[in-house]
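Each chain, written out:
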Amino acid sequence: MTTLVVVRKNDEVVIAADSLTTFGDTKLAAPYDQSYEKILYHHGSYIALCGSAAHQLVFESLLTQNPLDLSNKMAIFESFRKLHPQLKELHFLNPKEEDDDPYESSQMTALIANAQGIFGIYSMREVFEYTRFWAAGSGRDFALGAMSAVYPHVDSAETIARLGIDSGAAFDKNTALPLTLYKTRLASV
């Protein structure tokens, strides 16, 4: 899968991702992949996706036709709610996960970073706004542990994010360097 992180510290917001794609036991490392970038830019927001490799192209296609409002928790929810029917109708998403799920799944997880903060969106369109940091993907536990250990002691959001991705790459078999990283400043309150 992957390791994705978002970090908010002082007035800085950072999003970072590893570069490895996997197909079962086969790895497609960055030197062999023309487009290993997992972070998209859309109207002032950075969006990192994890899950199926198909999500990247599908999401890029949707963004060309649908300007999304990613400015706050409710706007993100509404944007993804409106995208869900298009995922099913235009891109043939299979929305089924478990029989007892209360809602259809969009089958993707994303982290978002912008001047308003850091957010996560999950398969049933649940949206969370984070105050410090978060991680997603198969290397998330390693990244969360590393970032939790250093967050109180390190002032740089970029350094914290790099440590999160580095930990994912060190311990998760589905994560590898190089990483990509983007940063922005928080909007004045």
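Everything here concerns the structure above.
We now turn to the structure provided with this report. This structure is a prediction, so every number in the text was calculated from the model and none was measured.

Quick notes on the overall build of the protein chain
Phase 1: Each helix and strand counted, the protein chain has four helices and eleven strands in total.
Phase 2: On C-alpha atoms alone, the protein chain measures out to a radius of gyration of 16 Å, which is about the 16 Å that the 2.2 N^0.38 rule sets for 189 residues.
Phase 3: Counting only C-alpha atoms, the protein chain reaches 45 × 45 × 35 Å along its principal axes.
Phase 4: The contacts of the protein chain with a sequence gap of at least 6 include a subset with a gap of at least 24, amounting to 57%.
Phase 5: Carbon together with sulfur atoms contributes 53% to the accessible area of the protein chain, which is approximately 9,800 Å² in total.
Phase 6: One way to put it: in the protein chain the 16 positive side-chain charges average out to a point 4 Å from where the 23 negative ones average out.

A closer look at unusual backbone geometry
Phase 1: The omega torsion of the bond from Leu-177 to Pro-178 falls at 10°, within 30 degrees of zero and hence cis.
Phase 2: Tracing the chain through its elements places Pro-178 in the loop between helix 4 (157-171) and strand 11 (180-185).
Phase 3: The phi torsion at His-43 lies on the positive side, around 45°, for a residue other than glycine.
Phase 4: With respect to the element layout, His-43 can be found in the loop between strand 5 (39-42) and strand 6 (45-50).
Phase 5: Given a relative accessible area of 63%, His-43 falls into the exposed group.
Phase 6: Even without being a glycine, Arg-125 presents a positive backbone phi close to 70°.
Phase 7: Position of Arg-125 among the secondary structure elements: in the loop between strand 8 (117-121) and strand 9 (127-130).

Details of the sheet that holds strand 9
Phase 1: Across the sheet, five strands lie side by side as 5-6-7-8-9; this open sheet has antiparallel pairing. Of all strands in the sheet, those with a lone pairing partner are strand 5 and strand 9, marking the two edges. Each adjacent strand pair in this sheet contributes to an overall mean axis angle of 25°, direction not counted.
Phase 2: Bridge analysis of strand 7 (residues 109-114) against strand 8 gives five bridges, and the strand direction is antiparallel. In the sheet register, Ala-110 faces strand 8, and the bridge partner there is Ile-121.
Phase 3: Sitting on the sheet, helix 2 (residues 73-91) touches strand 7, strand 8 and strand 9, and the angle it makes with strand 8 is about 35°.

What counts and what doesn't
- Residues numbered from 1 in each chain as written.
- Predicted model: local features only at pLDDT ≥ 70, side-chain atom pairs only at ≥ 80, totals over all residues.
- Heavy atoms only, no water.
- Helix = DSSP H or I, 4+ residues; strand = E, 2+ residues; numbered from the N terminus.
- Rg over C-alpha atoms; globule rule 2.2 N^0.38 Å.
- Contact = heavy atoms within 4.5 Å.
- Areas by Shrake-Rupley, 256 points an atom, 1.4 Å probe, with all protein chains shown as cover.
- Lys, Arg positive; Asp, Glu negative; His and termini not counted.
- Charge placed at Lys NZ, Arg CZ, Asp CG, Glu CD.
- Buried < 20%, exposed > 50% of the residue type's maximum accessible area, 1.4 Å probe, protein only.
- Pairing = 2+ DSSP bridges.
- Axes fitted to C-alpha atoms, helices over the stretch in contact; angles between N-to-C directions.

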